Amino acid sequence: NAGVMQNPRHLVRRRGQEARLRCSPMKGHSHVYWYRQLPEEGLKFMVYLQKENIIDESGMPKERFSAEFPKEGPSILRIQQVVRGDSAAYFCASSPGTGDSYEQYFGPGTRLTVT
Amino acid sequence: SQQGEEDPQALSIQEGENATMNCSYKTSINNLQWYRQNSGRGLVHLILIRSNEREKHSGRLRVTLDTSKKSSSLLITASRAADTASYFCARLGGAGNMLTFGGGTRLMVKP
């Protein structure tokens, strides 16, 4: 059973370009979480999605950031018109359910560098 | 404000020594989780301790929880160079059941 997969692992974008980060959850997992980690810091929650629904996006910036988890295919985190401050590691996690009985399994992350 | 503040922020020990990391949090919890992150990699779940538990063991790991002090500690016994990593505590909560992480402790184990 493959783990959570993220691609690309590394992404370089110039200021003003768009970044698309993809996350394929573990098989059988319908809950996806995106977290952002700045250098030397812990992870910060961005958004929680189930298939075709955004459940909680309270941690996501209101502008330029969007996320989706379509019925088919991976979850996508999209950052438009990137700025240097968007440089970070973006991690996706998936779980089979919600609540404290369910562990979140993390992907290896996408490291975004904005030049 | 961020839940789960770890201390120390950085810890350097010799192989074979024990490493203790502490985590404090602000609000009530159902459980507290500890994760490890190797440099440049994703997070690995280590152990979950529930609010009605005081201590939990997993191999060389021992986690304690004191809900009256809103604190937890992670002890790694007989450390190895391979234990070098960042360690984070995290609380599960919110409408989305997301994890709220502390800033982490960067552990270096010297061979």
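> Sorry if this is basic, but what is going on with the environment of Tyr102(A) here?
Residue and element names in this part refer to chain A. Position of Tyr-102 relative to the elements: it lies in the loop between strand S9 (88–95) and strand S10 (105–106). Since its relative accessible area comes to 37%, Tyr-102 is described here as partly exposed. Dropping the residues within four chain positions of it, Tyr-102 is found in contact with Ser-95, Pro-96 and Gly-97.

> Just checking my understanding: could you explain the sheet that holds strand S8 (residues 71–76) of chain B for this structure?
Each strand in a sheet pairs with its neighbour through backbone hydrogen bonds, running either in the same direction (parallel) or in the opposite one (antiparallel). Residues and elements named next belong to chain B. Across the sheet, five strands lie side by side as S1-S3-S8-S7-S6; this open sheet has antiparallel pairing. The strands lining the two open edges of the sheet, one partner per strand, are strand S1 (5–7) and strand S6 (55–58). The sheet shows a mean angle of 20 degrees between the axes of neighbouring strands, direction not considered. One ladder, built from three bridges, connects S1 with strand S3 (residues 19–24); its direction is antiparallel. Residue pairing for S3: Asp-7 is matched across the bridge by Asn-22.

> When you look at the interface of chain A and chain B in this model, what are you seeing that I'm missing?
Many structure descriptions define interface size as the accessible area lost when the parts assemble. Every contact between the two is made by 23 residues of chain A and, on the other side, 23 residues of chain B. Summed over both partners, the interface of chain A with chain B comes to about 1,800 Å²; 50% of that surface belongs to carbon and sulfur atoms. Connecting chain A to chain B are two residue pairs in polar contact (both at pLDDT 80 or more). Mapped by element, the contributors of at least two residues to the side of chain A that touches chain B are strand S4 (31–37) and strand S5 (43–50) of chain A. The leading source of residues in the side of chain A that touches chain B is S5(A), at four residues.

Thresholds applied
Residues numbered from 1 in each chain as written. Chains lettered and ligands numbered in written order. Predicted model: local features only at pLDDT ≥ 70, side-chain atom pairs only at ≥ 80, totals over all residues. Heavy atoms only, no water. Helix = DSSP H or I, 4+ residues; strand = E, 2+ residues; numbered from the N terminus. Buried < 20%, exposed > 50% of the residue type's maximum accessible area, 1.4 Å probe, protein only. Contact = heavy atoms within 4.5 Å. Pairing = 2+ DSSP bridges. Axes fitted to C-alpha atoms, helices over the stretch in contact; angles between N-to-C directions. Buried area = accessible area lost by both parts, 1.4 Å probe. Polar contact = N/O pair within 3.5 Å; in protein donor to acceptor, adjacent residues only side chain to side chain.

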